[in-house]
Amino acid sequence: MLLICQTLFINGCTSVLWNKNTFAHYYEPAHPTNLRLFYSSQERELLVQYDEARDGDAPVRRRAYYADRNAERVNNHCKPSFTSAPDWQTLHPIPISNIVTAPVPTSFQGLCAASSSEGDSFTLYSKGEKLESYNLPNYVGTSRRLKQVLLTPFAVVIDCTIVGAVAAYYCGPSMLSALNGRSL
């Protein structure tokens, strides 16, 4: 009986529900990314703007986040803390090219960036010297976890109903004959 229960829970509705691909939405940089970089004087940090695509038919969205405070999350394929664009007067645009060229384009504090050919990362330079490389966000949406949690009780009830039906099918006749034998 335990083997039947274990098999159903491993292969049943609950298992399918908690499969990592069930309800998953993947977010990644769109093609083209329309990457734009700014230095925020107010935040004293690099603001990244790019176009994000979601699997399926969802439209492309414009996203913005601060690079340094979200670097660990982005590198771990987690959703960064997105922000709305701050006051444009405090932002200084940073030129982006496919390769770093000499001389460095004039910009705020000599900053410039080189984007990868795939468009999913960029490297920041200051006066020709490499400062840091950054990946653009590529993550699984969190809405699936809520759906999984909310549907789990129903999946467990269905799995238990199947286990009960199998148990009744195999054990029912012997239990009925035992009950009939006692009543006589």
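Residues numbered from 1 in each chain as written. Predicted model: local features only at pLDDT ≥ 70, side-chain atom pairs only at ≥ 80, totals over all residues. Heavy atoms only, no water.

(A) Up close: the nonpolar core. Grouped together as the largest cluster of nonpolar side chains are 16 residues, with contacts concentrated most on L37, L46, V48 and F122. Secondary structure elements with two or more residues in this core: β2 (36-40), β3 (45-54), α3 (67-75), β7 (111-115) and β8 (121-126). The element that contributes the greatest number of residues to this core is β3, accounting for three residues. L46 has contacts with L37, F38, Y65, Y66, A67, I94, F122, L124 and Y134, leaving out every residue within four places of it along the chain. Within the second largest apolar cluster, five residues are counted, among which are F38, L47, Y66 and L91. (Core = buried A, V, L, I, M, F, W, Y, C linked by side-chain atoms within 4.5 Å. Buried < 20%, exposed > 50% of the residue type's maximum accessible area, 1.4 Å probe, protein only. Helix = DSSP H or I, 4+ residues; strand = E, 2+ residues; numbered from the N terminus. Contact = heavy atoms within 4.5 Å.)

(B) How the structure looks around the layout of surface pockets. When its volume is computed, the largest pocket comes out at roughly 160 Å³. Taken together, E28, P29, H31, V74, N75, H77, E118, G119, D120, N135, L136 and N138 make up the full set of residues lining the largest pocket. Every element with two or more residues in the lining of the largest pocket is listed here: β1 (26-29) and α3. (1 Å grid on protein atoms, 1.4 Å probe; cavity = no way out; pocket = protein on both sides within 12 Å on 5 of 7 lines; lining within 4 Å. Points joined across faces, edges and corners; volume = space filled by probe spheres on them.)

(C) Geometry of the side chain of E45. On the secondary structure map, E45 appears in strand β3. By relative accessible area, E45 is classed as buried at 8%. Side-chain polar atoms of E45 contact the backbone nitrogen of D68, separated by 2.7 Å. With residues up to four places along the chain from it excluded, the contact list for E45 reads F38, Y39, S40, Y66, A67, D68 and R69. (Polar contact = N/O pair within 3.5 Å; in protein donor to acceptor, adjacent residues only side chain to side chain.)

(D) Molecular detail of the packing of aromatic side chains. For the coordinates displayed, the defined rule picks out six aromatic pairs. Geometrically, the ring pair formed by F82 and Y139 is tilted, given 6.4 Å between the ring centres and 50° between the ring planes. With F82 in the loop between α3 and β5 (91-94) and Y139 in strand β10 (residues 139-140), the pair connects residues that are 57 residues apart, well separated along the chain. Here Y169 and Y170 contribute two aromatic rings whose centre-to-centre distance is 5.1 Å and whose plane-to-plane angle is 85°, an arrangement assigned as edge-to-face. One aromatic cluster is present, formed by Y27, Y50, Y65, F82 and Y139 through successive ring pairs. Taking NZ or CZ as reference, R63 lies 3.9 Å from the ring centre of F82, over its face. (Phe/Tyr/Trp six-rings, centres within 6.5 Å; stacked < 30°, edge-to-face > 60°. Lys NZ or Arg CZ within 6 Å of the ring centre and 35° of its normal.)

(E) Representation of the environment of S15 in the model. Positionally, S15 belongs in helix α2 (residues 13-17). Given the relative accessible area of 28%, S15 is considered partly exposed.

(F) Summary view of the pattern of salt bridges. As enumerated under the stated definition, the model contains five salt bridges in all. One salt-bridge network, in which partners are shared between bridges, spans E43, E45 and R69. (Salt bridge = Lys/Arg side-chain N within 4 Å of Asp/Glu carboxyl O.)

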